Amino acid sequence: MTLPGFSLLAQACALEPLVVVNQLAGQRLYRLQAFSPGGGEVASMADLSQAACTPFELASTELDMLIVCAPSPLPVMHDSALPGQLRLLGRSGVVLVGVGGGTELLARAGVLDGYRATLPWQRFAAFTRDYPRVRLTQQLFEIDRDRLTCGGGTAAMDMMMTLIATHHGRELAERVSEHFVLERVRMADEPQQVPLRARLGHAPAPLVDAVMLMEANIEEPLTTHELAEHLGISRRQLERLFKKYLQAVPGRYYLDLRLKEARRLLRESDLPAGEIAMKTGFSSPAHFSTAYRNHFGVTPREERL
């Protein structure tokens, strides 16, 4: 189901894998039907119209899955039929999927209460305030029982590839990935990557510069004192900035950055764990393994397995 102002990119990323997997499998594994509120054409964010759709009010409870693709932020809507129909489908066992602002529509209907969910990163703060009963995460996408949500855009493709692998096996999903010339399918627990300055909002320049220094010095980490000296401020001032805007001390934030880079290398390269430890600033493989396990709950070796 698409709502006016939906993203063409997000819609394509959610639907094209299902079309291509049918072609590659030589049979119809997925059958698609287009809905819109009230039926009729729906204009996208680019002001291009999608062909006439079936009225959403006629959506059958025998659907296997409903993908809701909507703009983000979701505009104020006065159509009271949508939340009720979504609740009916949810109670009937239909898998509900939120793409972009679709997550907010599902939340408005109350069908995400108690579920893990995610949505475009720009809406994190507002969503947390408006829907406290939803367990919001900052991951690329979330698959929690019969609810799927993602950060919109290309994250929808990673989510649907993962779903295809669950339904029909990893080998077929990889063939779909090759069709789209994708280097890899990103995993659900990867964070939504956002520009540093956007991520820190209106944070003071010294804090932004401190984080940029950290990201540029992963292999040979700087001490908090060295960071402060580079920035021309006191260590205490730097610690106050991190606590106020990032709710962390500089050392902990720096360690998190290094461990996330280590996880990326473990997943995407064939480098030995010892070499990855060196590349991410750890003094020994044992220290690296302990820090990794404490942070992610698994050892580097288990991560690879």
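See the structure printed just above.
Residues numbered from 1 in each chain as written. Predicted model: local features only at pLDDT ≥ 70, side-chain atom pairs only at ≥ 80, totals over all residues. Heavy atoms only, no water.

Draft legend 1. Local environment of the overall build of the protein chain. The number of helices and strands found in the protein chain is 14 helices and nine strands. Its C-alpha atoms put the protein chain at 65 × 40 × 35 Å along the principal axes. Looking at the protein chain as a whole, 43% of its 305 residues are labelled buried. For the protein chain, the proportion of contacts with a sequence separation of at least 24, taken over those separated by at least 6, is 61%. If you sum the accessible surface of the protein chain, you get close to 16,100 Å²; carbon and sulfur atoms cover 51% of it. Charged side chains in the protein chain number 33 positive and 34 negative. The centres of these two groups are separated by 6 Å. (Helix = DSSP H or I, 4+ residues; strand = E, 2+ residues; numbered from the N terminus. Buried < 20%, exposed > 50% of the residue type's maximum accessible area, 1.4 Å probe, protein only. Contact = heavy atoms within 4.5 Å. Areas by Shrake-Rupley, 256 points an atom, 1.4 Å probe, with all protein chains shown as cover. Lys, Arg positive; Asp, Glu negative; His and termini not counted. Charge placed at Lys NZ, Arg CZ, Asp CG, Glu CD.)

Draft legend 2. Expanded view of the pattern of salt bridges. Within the structure shown, the criterion is met by 12 salt bridges. The residue Asp256 makes a salt bridge to Arg252 at a minimum N-O spacing of 3.8 Å. Of the two residues, Asp256 and Arg252 both sit in helix H11 (residues 250–268), four residues apart, roughly one turn of that helix. Accessibility expressed as a relative area gives 44% for Arg252, which makes it partly exposed. Within the structure, one salt-bridge network assembled from shared partners comprises Arg116, Glu142, Asp144 and Arg145. (Salt bridge = Lys/Arg side-chain N within 4 Å of Asp/Glu carboxyl O.)

Draft legend 3. Spotlight on the nonpolar core. Core analysis: the largest hydrophobic core is formed by 28 residues, its most contacted members being Ile67, Val99, Cys150, Met159 and Met160. Taken together, the elements giving at least two residues each to this core come down to helix H1 (8–25), strand S4 (65–70), strand S5 (95–100), strand S9 (147–150), helix H5 (155–168) and helix H6 (170–179). The element contributing the most residues to this core is H5, with eight residues. Beyond its immediate sequence surroundings of up to four residues, Met159 is in contact with Val97, Val99, Phe141, Leu148, Thr149 and Cys150. Residues Leu3, Ala70, Ala109 and Ala117 belong to the second largest nonpolar core, which totals 26 residues. (Core = buried A, V, L, I, M, F, W, Y, C linked by side-chain atoms within 4.5 Å.)

Draft legend 4. Fine view of the pairing of strand S8 (residues 141–144). As paired elements, S8 and S9 share four bridges and run antiparallel to each other. In the sheet register, Glu142 faces S9, and the bridge partner there is Thr149. Following S8, the chain reverses through two residues before pairing antiparallel with S9; Arg145 in that reversal takes a positive phi of roughly 55°. (Pairing = 2+ DSSP bridges.)

Draft legend 5. Focus on helix H2 (residues 81–91). Among all positions of H2, only Leu82, Pro83, Gln85, Leu86, Leu89 and Gly90 are buried. Down the axis of H2, the smallest arc covering the buried residues is 165°, so these residues share one side. Of the surrounding secondary structure, the elements contacted by the buried residues of H2 are S4, S5, helix H3 (102–108) and S9. Just beyond H2, the residue with positive phi is Gly93, at close to 95°. (Arc of directions from axis to C-beta.)

Draft legend 6. Structural context of the pairing of S5. With five of six residues buried, S5 is to be regarded as a mostly interior element. Alignment of S4 against S5, held across six bridges, turns out to be parallel. Paired with Met65 across the bridge in S5 is Val95. Where S5 lies against S9, three bridges are found, and the strand directions are parallel.

Draft legend 7. Fine view of helix H13 (residues 285–296). Here H13 spans 16 Å end to end across 12 residues, near enough to the 16 Å set by a 1.5 Å rise per residue. If you check which residues of H13 are buried, you get Phe288, Ala291 and Tyr292. Take H13 and look down its axis: the buried residues cluster within an arc of 100°, on one side only. Turned more than 90 degrees from where H13 packs its buried face, Ala286 and Asn294 sit exposed. Here the buried face of H13 lies against H11, helix H12 (273–279) and helix H14 (300–304). At the C-terminal side of H13, Gly297 shows a positive phi close to 85°. (Expected span 1.5 Å × (residues − 1).)

Draft legend 8. The environment of Arg236, seen in detail. Inspection of the secondary structure puts Arg236 in helix H10 (residues 235–246). With 11 residues separating them in the primary sequence, Arg236 and His225 have C-alpha atoms 9.3 Å apart.

Draft legend 9. Focus on the packing of H11 against H13. The N-to-C vectors of H11 and H13 enclose an angle of 100°; their axes lie 11 Å apart at closest approach. If you check the angle between H11 and H13, you find them roughly perpendicular. Of H13, the residues touching H11 (which contributes Arg252, Asp256, Leu259, Lys260, Ala262, Arg263 and Leu266) are Phe288, Ala291, Tyr292, His295 and Phe296. Tallied by class, residues from the contact of H11 with H13 come to seven nonpolar, one polar and four charged. (Axes fitted to C-alpha atoms, helices over the stretch in contact; angles between N-to-C directions. Parallel < 35°, antiparallel > 145°, perpendicular 65-115°, else oblique. Nonpolar A, V, L, I, M, F, W, Y, C, P; charged D, E, K, R; others polar.)

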